[in-house]
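Overview (structure and organization)
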Amino acid sequence: MGEKSCEIEERVGLFERKEVRKRGVYKVFASTIFAAICFIWVYRFRNIPYDDDDDDDGRYWYWLLLFMSEFAFGLYWIITQSVRWRIVYHTPFKHTLLNRYDEQKLGGVDIFVCTADPILEPPMIVINTVLSAMAYNYPSNNLTVYLSDDGGSDLTFYALFKASIFSKHWVPFCTRFNIQPRSPEAYFATQNYTTNFAQEWLSIKKLYENMKRDIESVVANGKVPDDARKQHNGFSEWNHKTTKQDHQSIVQIMIDGRDKNGVDEDGYGLATLVYMAREKRPNYPHHFKAGAMNALVCHHYMYIYIYICMYIYLLSLLMCLVQIRVSSEITNAPYILNLDCDMYPNNADIIHEVLCFFMDEVKGHDIAYVQFPQNYNNLTNNDHYANSCLATDKLELAGICGHGAALYCGTGCFHRRESLSGTYFKDYLPNKDTNPKREDKRTVNELNEASKALATCTFEKDTQWGKEMGLVYGIPVEDIATGLAISCRGWKSIYYNPERKAFLGVAPTTLDVALVQHKRWSEGMFQVFFSKYCPFIYGHGKINFGLQMGYCVYLLWAPMSLPTLSYVIVSPITLLRGIPLFPQLTSLWFLPFAYAFVATNAYSLGEALSCGSTIKGWWNLQRMRLIRRTTSYLFSFIDNITKKFGLSQTNFVITDKVVSEDVQKRYEQEVIDFGNSSNSIMLTILATVALLNLFGLVGGIMRIVIMDLGFTSSSQLMIQIMVSALVVMVYLPVYEALFIRTDKGSISSSIMFKSIAFISLGCCLAHFI
Ligand SMILES: O=c1ccn([C@@H]2O[C@H](COP(=O)(O)OP(=O)(O)O[C@H]3O[C@H](CO)[C@@H](O)[C@H](O)[C@H]3O)[C@@H](O)[C@H]2O)c(=O)[nH]1
Ligand SMILES: [Mn+2]
């Protein structure tokens, strides 16, 4: 009986949690790899060549380096098991939700779109995201879209102004014909002319193209024409002195959902649309994206702050006045969706699904946020920059979910408002008033002015913003640190990867941009590891050990550069010098090395294929992994160290979202674009590693063939030959870019000469060890 009622209770929930079964086989397999790793450690430890003094060729040091590397690889492998041990998926039941609740009572959603630069992030991309967010299948009076413009640019404002007009046609078009995706650019690019509503299709497309032409020409000129300025009061906020780094706070409500004029062409209400550029002054740190997010989140808390002050200082009679003010905020919706400007909503029904998680009567109250994977709409078939992380999205993040949490990835994440403000779960009192649409009598102008005060530089001074409240400051991956902090305050979170992708963004299309992005990520994550937020310390006793380890899979990207680099340098150098470092083929000790290598790679290939990758895609991933580890991660490791000594400061290099035609063409042909690198030192290292392994491989083979080494000596060098051969195979496109290609995306000869100089210097030095 008890069992039965339990089953019904499961079914009446708004979502279901399912653990992937049959992981037993995997666990046995993983144990065999673990055994192999242990054997490798034992072999290294027992055979340290102390007494190799007959010819002092530095074998001891090379050996030690490999030992440390293998130790690190092994430990890292163990850490990665935490995200594969218990894989959990969630399914929401949105029909149950809609049957059970009146849609109007579901609660408001505030959508924050962040942009930072009208050149790197073209306003057309930004407004496509805004328009698709406005077109969600959700009651418009409960939907507000805020655009946070860290660029403080009137070009972006102009684009948003145009978009606000276009939305009056676009939103009803979307709902009338129930189309997807609702980003106009993506829609017109992928959905062909349809005969069902040909007339409307053509006319809306024309409207869109006119708007696009206007915006693009204004952006190209870099100046909003005077007649356009007259169309909206908001333009008066900009004058000739306004710059990106120096301007007052600007808040403009572009569409007021309460207003009679805030309706679409069919007479239905539209979502409220707000433009916001927080104040920026040269002397105040602005904390990049985290600062932008906090300026948006804080609306609500400013009032709570006033509320508390007044409570203490004023007569209780005044209380009701204050309360009126608290409840008469701009929106103060209970849920917040956070989006990067290039991540457009691709699934118009997703809000209902997310609310299933938050509103589940039994399991929903402790969920702080629901994170979606980062997906892209511009990937090539074999994804040659390995931008999509298929296995990460399908398995690893679901594996972290097995520990009751999700990684907050900065975009495509729905938050419960309180969880972002630093509230501990134990102190959380669910707000029963889910319909925050206030009966606010203030005019748009009054609201604009009131909100400006909340977006000033000084507002956060001496407060807990960026520390205990809001998104964490001072770390380039504010998202990861914030998510961890929320989990440690007792909240749960959910990772949800629905069939139809919820959001699509723009992936980097050149190697340079891809590496810079990974540098920022790995740097930020390693910084988290070394900050007070280190999961093992900060999370101790608050989150389970598996989750602490799960975080480290990502936080430790940067230091993993060192063992990888040691491997791909030591192996060719010792080949050139004929120093054996591995067991020979006939020795039993050869087995653990071979097994660990073959088993982990075969598994990773199988995993990638089962997650929808191609063989070539997997191969590309191996190349990118090696490139990232030897460049981006290395530099972020070094930068982290220099930062510790105060030699450099946190920075946030924005990912470039524009591409020239030439670059786009190479991208579509899956040809790696090495060119135009702002960071030629990364390319030099890349070329050095590639050439060194080529020389090592050739040198090693020649040594065996020409010097006619006996079987024993040559088989002792076999693993080193294989390591270098693998690097050479993975790096084939690098040699092509060095020696064959002549296009703009190839590697310049000056870089080649620099690397050859490096190698010669390195080999000379190696002789002195
Ligand atoms: O001073 C800044 C810098 C950036 N941004 C915005 O932050 C977002 C992410 O920047 P982007 O350059 O596209 O970085 P990505 O590497 O693509 O971003 C990922 O990684 C970041 C952390 O490194 C997270 O903040 C992002 O949400 C996540 O998508 C963009 O919308 C920017 O407009 C700001 O609002 N203010
Ligand atoms: Mn981005």
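Residues numbered from 1 in each chain as written. Chains lettered and ligands numbered in written order. Predicted model: local features only at pLDDT ≥ 70, side-chain atom pairs only at ≥ 80, totals over all residues. Heavy atoms only, no water.

Some points on the overall build of the protein
- Scanning the protein from N- to C-terminus turns up 30 helices and 13 strands.
- Out of the 769 residues belonging to the protein, those deemed buried represent 57%.
- Considering only contacts in the protein between residues 6 or more positions apart, those separated by 24 or more positions represent 83%.
- With the model as given, the accessible surface of the protein reaches about 34100 Å², and the carbon-plus-sulfur share is 60%. (Helix = DSSP H or I, 4+ residues; strand = E, 2+ residues; numbered from the N terminus. Buried < 20%, exposed > 50% of the residue type's maximum accessible area, 1.4 Å probe, protein only. Contact = heavy atoms within 4.5 Å. Areas by Shrake-Rupley, 256 points an atom, 1.4 Å probe, with all protein chains shown as cover.)

Overview of the sheet that holds strand β5 (residues 250–255)
- The sheet built from 8 strands is open, its strands ordered β5-β6-β4-β3-β7-β11-β9-β12 with mixed pairing. Edge strands, defined here as strands with exactly one partner in the open sheet, are β5 and β12 (492–495). Averaged over neighbouring strand pairs, the angle between their axes works out to 20 degrees when direction is ignored.
- Of the pairings in the sheet, the one linking strand β7 (residues 335–340) to strand β11 (residues 413–416) comprises 4 bridges and is antiparallel in character. Bridging from a neighbouring strand, Leu 337 pairs with Phe 414 of β11.
- Contacts from helix α10 (residues 288–297) reach β3 (109–115), β4 (143–149), β6 (272–277) and β7 within the one sheet, and its direction differs from that of β3 by about 150 degrees. (Pairing = 2+ DSSP bridges. Axes fitted to C-alpha atoms, helices over the stretch in contact; angles between N-to-C directions.)

Brief notes about the packing of aromatic side chains
- Summed over the entire model, instances satisfying the criterion amount to 51 aromatic pairs.
- Seen from their ring centres, Trp 170 and Tyr 187 are 6.0 Å apart, and the 65 degrees between their planes marks the pair as edge-to-face. Taken together, the positions of Trp 170 in helix α6 (residues 154–177) and Tyr 187 in helix α7 (residues 184–190) put the pair 17 residues apart, joining distant regions of the chain.
- Clustering of aromatic rings is evident, with ring pairs tying together Phe 166, Trp 170, Phe 173, Phe 177, Tyr 187, Phe 188, Phe 197, Trp 201 and Tyr 208.
- The ring of Phe 582 carries Arg 44 above its face, with NZ or CZ at 4.8 Å from the centroid.
- In this structure, Lys 542 packs its charged tip against the face of Tyr 538, placed 4.7 Å from the ring centre. (Phe/Tyr/Trp six-rings, centres within 6.5 Å; stacked < 30°, edge-to-face > 60°. Lys NZ or Arg CZ within 6 Å of the ring centre and 35° of its normal.)

Re the confidence of the model for the protein
- In the predicted model, the protein carries a mean pLDDT of 87, and 90% of its residues have values of at least 70.
- Note that residues 1–10 has pLDDT below 50 and, in this model, 0 contacts with residues that lie over four places away or in other chains.
- The low-confidence segment residues 299–329 (pLDDT under 50) makes 36 contacts with residues lying over four places distant or belonging to another chain.
- Scoring of the predicted complex yields 0.90 for pTM and 0.97 for ipTM. (pLDDT = per-residue confidence, 0-100.)

As for the UniProt feature "binding site: Mn(2+)" (unreviewed entry) in the protein
- The UniProt record marks Lys 289 and Asp 340 with the feature "binding site: Mn(2+)" (unreviewed entry), using the residue numbering of this structure. Spatial clustering of the annotated residues is evident: they stretch over 52 residues in sequence, but the largest pairwise C-alpha distance comes to 9.5 Å.
- Positionally, Lys 289 belongs in helix α10.
- If we skip the residues at most four places from it in the chain, Lys 289 touches Cys 114, Asn 338, Asp 340, Gly 410, Thr 411, Glu 478 and Phe 652.
- At 2.9 Å, the side chain of Lys 289 and the side chain of Asp 340 are in polar contact.
- Note on placement: Asp 340 falls in strand β7. (UniProt positions renumbered as here; feature names shortened; annotations may be inferred. Polar contact = N/O pair within 3.5 Å; in protein donor to acceptor, adjacent residues only side chain to side chain.)

Re the nonpolar core
- Membership of the largest hydrophobic core comes to 78 residues, with the highest contact counts inside it found for Ile 111, Trp 170 and Phe 414.
- Tallying contributions element by element places α6 first for this core, with 12 residues.
- Aside from chain neighbours lying at most four places away, what touches Phe 414 is Val 109, Ile 336, Leu 337, Ile 350, Ile 351, Val 354, Phe 358, Ala 368, Tyr 369, Val 370, Phe 372 and Phe 503.
- Within the second largest apolar cluster, 68 residues are counted, among which are Ala 295, Ala 368, Ile 475 and Tyr 495. (Core = buried A, V, L, I, M, F, W, Y, C linked by side-chain atoms within 4.5 Å.)

A few points about helix α2 (residues 23–46)
- Taking 1.5 Å per residue, 24 residues should reach 34 Å; α2 reaches 35 Å between its end C-alpha atoms and fits that length.
- Along α2, the positions that sit buried rather than exposed are Arg 23, Tyr 26, Ala 30, Ile 33, Ala 36, Ile 37, Ile 40, Trp 41, Tyr 43 and Arg 44.
- Looking at the packing, one finds that the buried side of α2 touches α3 (59–81) and α22 (590–610). (Expected span 1.5 Å × (residues − 1).)

Examining a nonpolar patch on the surface
- On the surface, Val 698, Ile 701, Met 702, Val 705, Ile 706 and Met 707 cluster together into a nonpolar patch covering about 590 Å² of accessible area.
- By the element assignment, Val 698 lies in helix α26 (residues 680–706). (Patch = residues over 30% accessible without salt bridge, like charges linked within 9 Å, V, L, I, M, F, W, Y side chains within 5 Å. Salt bridge = Lys/Arg side-chain N within 4 Å of Asp/Glu carboxyl O.)

Observations regarding the site of ligand 1
- In the neighbourhood of ligand 1, 25 residues make up the surrounding shell, with Asp 150, Lys 289, Asp 340, Glu 478 and Thr 655 lying closest.
- For ligand 1, an oxygen atom lies 2.9 Å from a polar atom in the side chain of Trp 521.
- The contact in question runs from an oxygen atom of ligand 1 to an N or O atom on the backbone of Thr 655, over 2.6 Å.
- For ligand 1, the protein covers 97% of the area, taking 670 Å² as the surface of the free molecule.
- For the shell around ligand 1, the secondary-structure elements that each account for two or more residues are β3, α10, α17 (478–488) and α18 (511–530).
- Here the shell around ligand 1 is built from residues that sort into 10 nonpolar, 7 polar and 8 charged. (Near = heavy atom within 4 Å. Nonpolar A, V, L, I, M, F, W, Y, C, P; charged D, E, K, R; others polar.)

Regarding the state of the cysteines
- The full count for this structure, using the stated rule, is 0 disulfides.
- Unpaired in this structure, Cys 38 has its nearest cysteine sulfur neighbour in Cys 552, at a distance of 20 Å.
- The structure places no disulfide on Cys 401, whose sulfur is separated from the nearest cysteine sulfur, that of Cys 409, by 12 Å.
- With a relative accessible area of 1%, Cys 401 lands in the buried category. (Disulfide = S-S within 2.5 Å.)

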